[in-house]
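Commentary on secondary and tertiary structure
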Amino acid sequence: MQQHLEALQNAKACPLWHDSEAMPEVLPPLAADEKCELLIVGGGFTGLWAALQAKERRPDADIILIEQTFVGDGASGRCGGFLSSDLAHGETNVSHRFSAEADRLEKLGKQNMKELLETLERYNIDAHYENTGLMNVALNPLATVDMHSEYKQAKAGGEDVVWFDQDSVREQVNSPAFFGGLWYRRGQDGVIDPARLCWGLKDVLLNQPGVRIFEGTRLLGVEPAGKESMKANCEGGVIHSDKILMATNAFTSSIGKIRRSVIPVWDYQIATEPLTGEQLEKIGWGKSRHALADFSNMFHYFRITKDNRITYGGGAAVRYYFNRGIDEKFAEVPDLYEQLAQEFFATFPQLDDVKFSHKWGGIIATSTRFCMVPGVAYDGRLAWSVGYTGHGVGASRFGARIGIELLGYQPSDILEMQFVTAKALPWAPEPFRWLGVRFTQNALIKADKNGGKRGLWLRFLDMLGLGFTC
Ligand SMILES: Cc1cc2nc3c(=O)[nH]c(=O)nc-3n(C[C@H](O)[C@H](O)[C@H](O)COP(=O)(O)OP(=O)(O)OC[C@H]3O[C@@H](n4cnc5c(N)ncnc54)[C@H](O)[C@@H]3O)c2cc1C
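Throughout what follows, the structure given in this document is the object of discussion. Fair warning: this is a prediction, and the values are worked out from it, not measured in the lab.

1. Considering the overall build of the protein chain
Looking only at helices and strands, the protein chain features 15 helices and 19 strands. For a compact globule of 470 residues, the expected C-alpha radius of gyration is about 23 Å, and the protein chain comes in at 22 Å, within 12% of that figure. Over its C-alpha atoms, taken along the principal directions, the protein chain stretches across nearly 65 × 45 × 45 Å. The long-range fraction of contacts in the protein chain, counting pairs at least 24 apart against all pairs at least 6 apart in sequence, stands at 75%. Here the protein chain displays about 19800 Å² of accessible surface, and carbon together with sulfur accounts for 53% of that area.

Written as structure tokens, this is what we have:
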């Protein structure tokens with residue numbers, strides 16, 4: 001049997017992070033009609049951070065959070081766990097869309113990160129945080145040239161960056177696929193175990209008076225109830241509330257404006273068994289422990305966990321399924337896991353004896369502006385923050401802040417920023433949406449094969465302000 005197939009043979013079809021003794025009991029679903037001040041829909045980072053920040057801002061707030069399956073079952077508990085202070089999908093995206101607010105966004109991102117980590121300290125949440133920074137690695141000599149100019153620009157702009165040439169990058173992480181490395185130390189950026197963060201926040205919330213969480217409870221639809229309040233029809237009952245925050249991200253929403261803002265893009269990962277000391281020695285990564293991503297459009301992201309596994313995801317193995325496919329059957333994609341395993345072994349051929357323990361997929365909420373889309377409706381009684389486009393571990397805490405401020409929880413001048421007020425272009429209807437995503441994905445793969453050179457279609461999208469860059 002081929003090496004990658006053999007290595008995948010016993011991999012569990014389950015997110016690594018969920019297969020943990022830290023997973024708490026799933027709470028009972030809603031079983032009767034309820035009333036509250038603030039209803040939060042969605043038990044991922046956005047919903048959890050929103051509940052906590054609303055409570056911190058108004059300690060007597062009466063909050064209900066509902067989650068259709070269990071807390072951390074969405075992207076938040078399935079992601080790569082790269083935690084960054086970046087709020088808007090990288091500098092290139094910021095300079096294209098929000099250049100006048102670039103400095104403010106950077107400051108707000110750093111403040112958000114600082115407060116996030118302080119919260120972990122304050123409540124004693126052990127999310128296996130490691131301050132690794134992020135290192136981009138170039139996979140061919142041409143990419144090295146582009147990456148080096150990015151390094152020079154970043155350095156000139158005062159960023160804390162370190163350049164590694166081919167020899168020195170391989171001293172950091174020994175892969176014959178790496179031709180250069182650019183390490184963004186960026187203060188507190190690093191990695192976490194994302195499900196542990198979700199469950200830690202859930203635990204903190206359950207210890208706050210006036211916070212109730214119902215799991216296994218799906219929102220079916222919302223409607224205004226008079227001029228002052230809202231009515232949420234849920235599986236198990238009706239919830240009357242003054243305000244609603246939709247923290248449903250990529251999941252199909254009954255609110256048209258949210259639905260048109262995002263599409264669900266599946267992204268897949270595999271994880272190895274814990275590496276032995278000898279295996280770690282072979283790749284040298286045990287010492288530096290940088291979180292890694294390749295310097296390409298369809299980039300892989302890979303990192304070491306606390307127990308020395310490697311999680312490996314992304315690359316060309318991402319999919320948008322026709323008409324917003326989000327069914328769990330889309331996590332069963334043997335060919336994509338095989339592709340990832342092959343790419344893993346091409347990156348680390350020395351690890352030829354390593355086996356994979358887990359394989360899984362999750363859905364990324366992709367917006368046309370490639371970063372969060374906040375919004376508000378029903379005269380300020382319903383708000384949302386969705387669409388982090390694969391960069392939401394840290395940014396979702398800020399998205400949650402915007403969401404609750406839009407609902408009147410100590411609103412600040414961030415609500416006047418163009419980042420909050422600018423409307424995102426809606427996605428096109430099917431079949432144009434599916435065709436457009438497929439076409440663009442193929443064009444990005446082609447550009448990566450051409451050393452980053454963008455073809456006609458990508459240049460056309462760039463011109464419209466719709467071009468995707470990593
Ligand atoms: C595979 C993968 C890897 C990623 N890696 C990274 C990374 O390394 N770094 C990074 O910064 N970002 C990453 N991301 C993105 C990041 O995970 C998300 O941006 C972030 O978790 C979004 O949090 P959220 O709470 O808004 O959404 P989610 O975590 O998706 O939460 C939404 C929740 O709403 C619930 N819900 C939806 N509809 C309803 C309803 N009708 N009723 C009740 N509940 C409902 C869902 O069940 C879900 O739990 C990744 C995403 C994926 C999928």
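2. Quick notes on the sheet that holds strand E7 (residues 180–184)
The strand order across the open sheet formed by nine strands is E1-E17-E13-E16-E15-E14-E5-E7-E6, and the pairing between neighbours is mixed. For this open sheet the edge positions go to strand E1 (12–13) and strand E6 (161–164), each flanked by a neighbour on one side alone. Taken together, the five bridges between strand E5 (residues 134–138) and E7 define a ladder with antiparallel strand orientation. Bridging across to E7, Ala138 finds its partner in Gly180. Sitting on the sheet, helix H11 (residues 334–347) touches strand E13 (262–272), strand E15 (300–304), strand E16 (310–319) and strand E17 (356–367), and the angle it makes with E16 is about 125°. Strands in contact with helix H14 (residues 432–449) are E13 and E16; relative to E16, the strand with the most contacts, it is inclined by about 120°.

3. Some points on the side chain of Arg324
With respect to the helices and strands, the residue Arg324 is situated in the loop between E16 and H11. Buried within the structure, Arg324 lacks any salt-bridge partner; its nearest side chain of opposite charge belongs to Glu430, at an N-O separation of 6.6 Å. Here Val262 takes part through its backbone oxygen, which lies 2.6 Å from a polar atom of the side chain of Arg324. Among all residues touching Arg324, those that are not within four sequence positions of it are Thr252, Arg259, Arg260, Val262, Ile263, Pro264, Glu430 and Arg433.

What counts, and where the lines are drawn
Residues numbered from 1 in each chain as written. Predicted model: local features only at pLDDT ≥ 70, side-chain atom pairs only at ≥ 80, totals over all residues. Heavy atoms only, no water. Helix = DSSP H or I, 4+ residues; strand = E, 2+ residues; numbered from the N terminus. Rg over C-alpha atoms; globule rule 2.2 N^0.38 Å. Contact = heavy atoms within 4.5 Å. Areas by Shrake-Rupley, 256 points an atom, 1.4 Å probe, with all protein chains shown as cover. Pairing = 2+ DSSP bridges. Axes fitted to C-alpha atoms, helices over the stretch in contact; angles between N-to-C directions. Buried < 20%, exposed > 50% of the residue type's maximum accessible area, 1.4 Å probe, protein only. Lys, Arg positive; Asp, Glu negative; His and termini not counted. Salt bridge = Lys/Arg side-chain N within 4 Å of Asp/Glu carboxyl O. Polar contact = N/O pair within 3.5 Å; in protein donor to acceptor, adjacent residues only side chain to side chain.

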